[in-house]
Amino acid sequence: MRELGNKLRLKDDFFALWSDLSKDWIHTRGVVGRIVNQISEKSRVPSWALLIPMNYAEDDLDTIKELGKRVFQFRRTRF
């Protein structure tokens, strides 16, 4: 990913984005960690973690904002 970032002239931005998304949103450890943290901190399962469609709750805002930061980071990256 570092090599690809260099080829795209994005330096470390591409690698940093890939690393954050991979660690926090793609791999099981990151997703499960987010679920466990929310349950332990807010005493409820996050709506986004359930397989059935549900409305988001106030407790989901922190996670949604974090995902929004990653989406913004991706959009800012010009390929």
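Coordinates for the structure precede this section.
So, here is what we can say about the structure in this document. (Residues numbered from 1 in each chain as written. Predicted model: local features only at pLDDT ≥ 70, side-chain atom pairs only at ≥ 80, totals over all residues. Heavy atoms only, no water.)

Here we take up the pattern of salt bridges. Taken as a whole and assessed by the stated rule, the structure comprises eight salt bridges. The partner of glutamate 66 in a salt bridge is lysine 69, with the nearest N and O atoms 3.4 Å apart. Here glutamate 66 pairs with lysine 69, and both are found in helix α4 (residues 61-76), just three residues apart, close to one helical turn. Connected through salt bridges with shared partners, the residues Asp20, Glu66, Lys69 and Arg70 form a single ionic network. (Salt bridge = Lys/Arg side-chain N within 4 Å of Asp/Glu carboxyl O. Helix = DSSP H or I, 4+ residues; strand = E, 2+ residues; numbered from the N terminus.)

Among the secondary structure elements, glutamate 58 is positioned in the loop between α3 (28-42) and α4. In sequence terms glutamate 58 and serine 47 are eleven residues apart; their C-alpha atoms lie 10.0 Å from each other.

Between its terminal C-alpha atoms helix α2 (residues 12-26) stretches 20 Å, which fits the 21 Å expected from 15 residues at 1.5 Å a residue. Listed as buried for α2 are Phe14, Leu17, Asp20, Ser22, Asp24 and Trp25. Buried residues in α2 make contact with α1 (2-7), α3 and α4. (Expected span 1.5 Å × (residues − 1). Buried < 20%, exposed > 50% of the residue type's maximum accessible area, 1.4 Å probe, protein only. Contact = heavy atoms within 4.5 Å.)

Moving on to the packing of α2 against α3. One can describe the packing of α2 onto α3 by two numbers: an axis separation of 5 Å at closest approach and a directional angle of 55 degrees. In terms of their interaxial angle, α2 and α3 are classed as oblique. Of the residues in α3, those touching α2 at Lys23, Asp24, Trp25 and Ile26 are Thr28, Gly30, Val31 and Arg34. In terms of residue class, the contact of α2 with α3 is made up of three nonpolar, two polar and three charged. (Axes fitted to C-alpha atoms, helices over the stretch in contact; angles between N-to-C directions. Parallel < 35°, antiparallel > 145°, perpendicular 65-115°, else oblique. Nonpolar A, V, L, I, M, F, W, Y, C, P; charged D, E, K, R; others polar.)

Attention shifts here to the packing of aromatic side chains. For the structure shown, the criterion picks out one aromatic pair. Seen in terms of ring centroids, phenylalanine 15 and tryptophan 18 are 5.7 Å apart; in terms of plane orientation they differ by 40 degrees. Their pairing is tilted. Of the two residues, phenylalanine 15 and tryptophan 18 are both situated in helix α2; the distance of three residues between them amounts to about one turn of the helix. Judged by its relative accessible area of 22%, phenylalanine 15 is partly exposed. The side chain of arginine 2 reaches across the aromatic face of phenylalanine 15, ending 3.9 Å from its centre. The ring of tryptophan 25 carries arginine 34 above its face, with NZ or CZ at 4.2 Å from the centroid. (Phe/Tyr/Trp six-rings, centres within 6.5 Å; stacked < 30°, edge-to-face > 60°. Lys NZ or Arg CZ within 6 Å of the ring centre and 35° of its normal.)

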